[in-house]
Amino acid sequence: MAKIRPSKGHPYARILGVGGYRPTRVVPNEVILETIDSSDEWIRSRSGIETRHWANDEETVAAMSVEAAGKAIADAGITAEQVGAVVVSTVSHFKQTPAVATEIADKLGTDRAAAFDISAGCAGFGYGLTLAKGMVVEGSAEYVLVIGVERLSDLTDLEDRATAFLFGDGAGAVVVGPATEPAIGPTVWGSEGDKSETIKQTVPWTDYRDGTVERFPAITQEGQAVFRWAVFEMAKVAKEALDAAGITADELDVFIPHQANERIIDSMVKTLKLPESVTVARDVRTTGNTSAASIPLAMERLLATGEAKSGDTALVIGFGAGLVYAATVVTLP
Amino acid sequence: MAATQEEIVAGLADIVNEIAGIPVEDVQLDKSFTDDLDVDSLSMVEVVVAAEERFDVKIPDEDVKNLKTVGDATDYILKHQG
């Protein structure tokens, strides 16, 4: 039998750089109140959200990704030609073939990088990060771009008072590359397809095409069920990720949960009994829920404002439609 | 040993106090969580989870919406506690 040469990777991987793009249009709660019967106070008390960004026609999924990824590449100190793979997580790119990752890889000027999209909702960043780490360690790519990008304003029912205020648009990206010591811990991830009705797109595109529904599909959720699962079940997953990485809550510097809703974040912090010394990402207040983009966007902002610094140990956890989840401990770039 | 109605109301009062900051004496059987006790739909989930632990009872999501008053919750726990 012929002997196959094994691939040659690296012992460890780390996040080398991060970048974000927030659309230029800032949308305050007052705009949301034009289509739902609610109040600024109600929206803030239920979600913590004050403003979100909505993309314009030029701020496409690809355009926002290229902006965020360009910053991440510069932050990592590499060139686009060195990127070996581009992984894009999105649920709001409406042209499914070809994968938007290929257009992004081309526009960035990569040298024919492998490029593909994944669909893992609000856990997409963690799923992508796990794939990227695997690629670097296994050796199929030296540097991997992981991009979370959404235009959730296109999938928002502006007349649904339970969700109209929640969603925002944006892109967040990281570059994952080789490391000499562990900087991305074991991923604790999974899916609970039996709870698929909890957060979902209302109807398939084909129902809209066929005229069986009048309203364009939107994302809908069962608020209380989502809250219970996100806080109490995800706190267990977050704890498992800490344990898997051998990190205690006292050793943690930063907590970056998916920016779904500030009430979920508050309750998770309480349930996890995180010490006050831990910096908690609350980007949801001004960015809304941007699904797969929320964790890298929050990471980028914490580093930009100085609330977190390079080398800090951060727990990241994404959770959402599927239901799916992914948590891990990382060293910040 | 199963908790009595009185013990359940006292336990719920502690929980509501902890979560919503409402004085324990305000938590009475006829009080509505949302209208009288400042417990919104998300805080209600926290109350339910805390009650589940305290009284060894399972309160599924689909039953939570039926627990409008402290009395509703007390009756539910009395009937379902382990």
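Keep in mind that what you see is a predicted model, and the values were worked out from it rather than measured.

K.L.:
Give me the lowdown on the overall build of chain B, citing residues and values where you can.
P.N.:
The helix and strand tally for chain B stands at 5 helices and 0 strands. Beginning at the N terminus, the succession of helices and strands in chain B can be written as α-α-α-α-α. Compactness check: chain B gives a C-alpha radius of gyration of 11 Å against a globular reference of 12 Å for 82 residues, within 12% of the reference. Considering only C-alpha atoms, chain B reaches an extent of 30 × 25 × 20 Å along its principal axes. Per-residue burial over chain B gives 48% buried out of 82 residues. Contacts spanning at least 24 positions in sequence make up 56% of the contacts within chain B whose residues lie at least 6 apart. Counting every atom, chain B has about 4,400 Å² of accessible surface; 46% of that belongs to carbon and sulfur. Across chain B, the 6 positively charged side chains and the 20 negatively charged ones have centroids separated by 6 Å.

K.L.:
Lay out the UniProt feature "domain: Beta-ketoacyl-[acyl-carrier-protein] synthase III C-terminal" (unreviewed entry) in chain A in plain terms, naming residues and giving numbers.
P.N.:
Under the UniProt annotation, "domain: Beta-ketoacyl-[acyl-carrier-protein] synthase III C-terminal" (unreviewed entry) lies at residues 242-331 of chain A. For residues 242-331 of chain A, the end-to-end C-alpha separation is 13 Å, with 34% helix and 24% strand making up the annotated structure.

K.L.:
So what's going on with the packing of aromatic side chains? Residues and values would help.
P.N.:
Residue and element names in this part refer to chain A. One pass over the structure, following the stated rule, counts 8 aromatic pairs over all chains. Geometrically, the ring pair formed by Phe94 and Phe216 is edge-to-face, given 6.1 Å between the ring centres and 90° between the ring planes. Highlighted residues: Phe94 in the loop between strand S4 (83-89) and helix H4 (100-108) and Phe216 in the loop between helix H6 (205-209) and strand S10 (219-221), separated in sequence by 122 residues. Ring geometry for Trp229 against Phe319: centres 6.4 Å apart, planes inclined by 75°, an arrangement best described as edge-to-face. Residue Trp229 is located in helix H7 (residues 223-245), and its partner Phe319 is located in strand S13 (residues 313-320); the two are separated by 90 residues in the primary sequence. Residue Trp229 shares its accessibility class with Phe319, and that shared class is buried. Following the ring pairs from residue to residue traces out a cluster consisting of Phe94, Trp205, Tyr208 and Phe216.

K.L.:
Can you tell me about a nonpolar patch on the surface, naming the residues and giving the values?
P.N.:
On the surface, Phe94(A), Tyr208(A) and Phe216(A) cluster together to form a nonpolar patch covering roughly 270 Å² of accessible area. Mapped onto the elements, Tyr208(A) comes out in helix H6.

K.L.:
Lay out the confidence of the model for chain B with the relevant residues and their values.
P.N.:
It should be kept in mind that the predicted coordinates are not to be read in detail where pLDDT is low. Across chain B, the average pLDDT comes to 92, with 99% of residues at or above 70. We note a pTM of 0.95 for the whole complex and an ipTM of 0.88 for its interfaces.

K.L.:
Which residues make up the sheet that holds strand S14 (residues 324-331) of chain A, and what values go with them?
P.N.:
All names here are of chain A. One open sheet holds the 5 strands; their spatial order is S8-S14-S13-S11-S12, and the pairing between them is mixed. Edge positions in the sheet fall to strand S8 (188-191) and strand S12 (279-280), since each has one partner strand and no second. As paired strands, strand S11 (residues 254-257) and S13 are joined by 4 bridges and run parallel to one another. Within the sheet, the bridge partner assigned to Val254 lies in S13 and is Ala314. Where helix H5 (residues 124-138) meets the sheet, its contacts fall on S8 and S14, and the angle it forms with S14 comes to roughly 60°. Set on the sheet, H7 makes contact with S8, S13 and S14; between it and S14 the angle comes to about 40°.

K.L.:
Outline the domain arrangement of chain A, listing residues and values.
P.N.:
Residue and element names in this part refer to chain A. Assigned domains within chain A: domain 1 (12-179) and domain 2 (188-331). Relative placement of domain 1 and domain 2: their C-alpha centres are 14 Å apart. The partner domain 2 presents 41 residues to the 48 residues of domain 1 that form the contact. Summed over both sides, the interface of domain 1 with domain 2 buries roughly 3,600 Å², with 62% coming from carbon and sulfur. Here domain 1 is connected to domain 2 by 4 salt bridges. With its nearest N and O atoms 3.0 Å apart, the salt bridge here joins Asp157 to Arg215. One can count 18 residue pairs in polar contact (both at pLDDT 80 or more) joining domain 1 with domain 2.

K.L.:
Please provide a residue-by-residue account of the side chain of Asp283(A), values included.
P.N.:
Looking at the secondary structure, you find Asp283(A) in the loop between S12 and helix H9 (284-287). Sequence-distant contacts of Asp283(A), defined by excluding residues within four places in its chain, comprise Arg22(A), Gln259(A), Gly288(A), Leu297(A), Ala298(A) and Arg301(A).

K.L.:
I'd like to hear about the packing of helix H1 (residues 5-20) of chain B against helix H3 (residues 41-55) of chain B, residue by residue, with values.
P.N.:
Residue and element names in this part refer to chain B. Across the interface, H1 lies against H3 with an axial gap of 10 Å and an inter-helix angle of 135°. For the element pair H1 / H3, the angle class is oblique. Here H1 runs over H3; the crossing is right-handed. Within the contact between the two elements, H1 uses Glu7, Ile8, Gly11, Leu12, Asp14, Ile15, Val16 and Ile19 and H3 uses Ser43, Glu46, Val47, Ala50, Ala51, Arg54 and Phe55. Across the contact of H1 with H3, the residue classes tally to 9 nonpolar, 2 polar and 4 charged.

K.L.:
A description of the interface of chain B and chain A should follow, citing residues and the corresponding values.
P.N.:
Each partner contributes residues to the interface: chain B has 14 residues there, and chain A has 11 residues. Between chain B and chain A lies a buried interface of about 1,200 Å² when both sides are counted; carbon and sulfur atoms form 52% of it. In this structure, the connection of chain B to chain A is made through 5 salt bridges. Linking chain B with chain A are 8 residue pairs in polar contact (both at pLDDT 80 or more), by the criterion used here. Residue assignment for the side of chain B that touches chain A shows that the elements contributing at least two residues are H3 and helix H4 (61-64) of chain B. No other element matches H3(B), which puts 9 residues into the side of chain B that touches chain A. Residues belonging to the side of chain B that touches chain A are distributed by class as follows: 8 nonpolar, 2 polar and 4 charged.

Conventions we followed
Residues numbered from 1 in each chain as written. Chains lettered and ligands numbered in written order. Predicted model: local features only at pLDDT ≥ 70, side-chain atom pairs only at ≥ 80, totals over all residues. Heavy atoms only, no water. Helix = DSSP H or I, 4+ residues; strand = E, 2+ residues; numbered from the N terminus. Rg over C-alpha atoms; globule rule 2.2 N^0.38 Å. Buried < 20%, exposed > 50% of the residue type's maximum accessible area, 1.4 Å probe, protein only. Contact = heavy atoms within 4.5 Å. Areas by Shrake-Rupley, 256 points an atom, 1.4 Å probe, with all protein chains shown as cover. Lys, Arg positive; Asp, Glu negative; His and termini not counted. Charge placed at Lys NZ, Arg CZ, Asp CG, Glu CD. UniProt positions renumbered as here; feature names shortened; annotations may be inferred. Phe/Tyr/Trp six-rings, centres within 6.5 Å; stacked < 30°, edge-to-face > 60°. Patch = residues over 30% accessible without salt bridge, like charges linked within 9 Å, V, L, I, M, F, W, Y side chains within 5 Å. Salt bridge = Lys/Arg side-chain N within 4 Å of Asp/Glu carboxyl O. pLDDT = per-residue confidence, 0-100. Pairing = 2+ DSSP bridges. Axes fitted to C-alpha atoms, helices over the stretch in contact; angles between N-to-C directions. Domains from an automatic or database assignment. Buried area = accessible area lost by both parts, 1.4 Å probe. Polar contact = N/O pair within 3.5 Å; in protein donor to acceptor, adjacent residues only side chain to side chain. Parallel < 35°, antiparallel > 145°, perpendicular 65-115°, else oblique. Left-handed = near helix turned anticlockwise from the far one by under 90°. Nonpolar A, V, L, I, M, F, W, Y, C, P; charged D, E, K, R; others polar.

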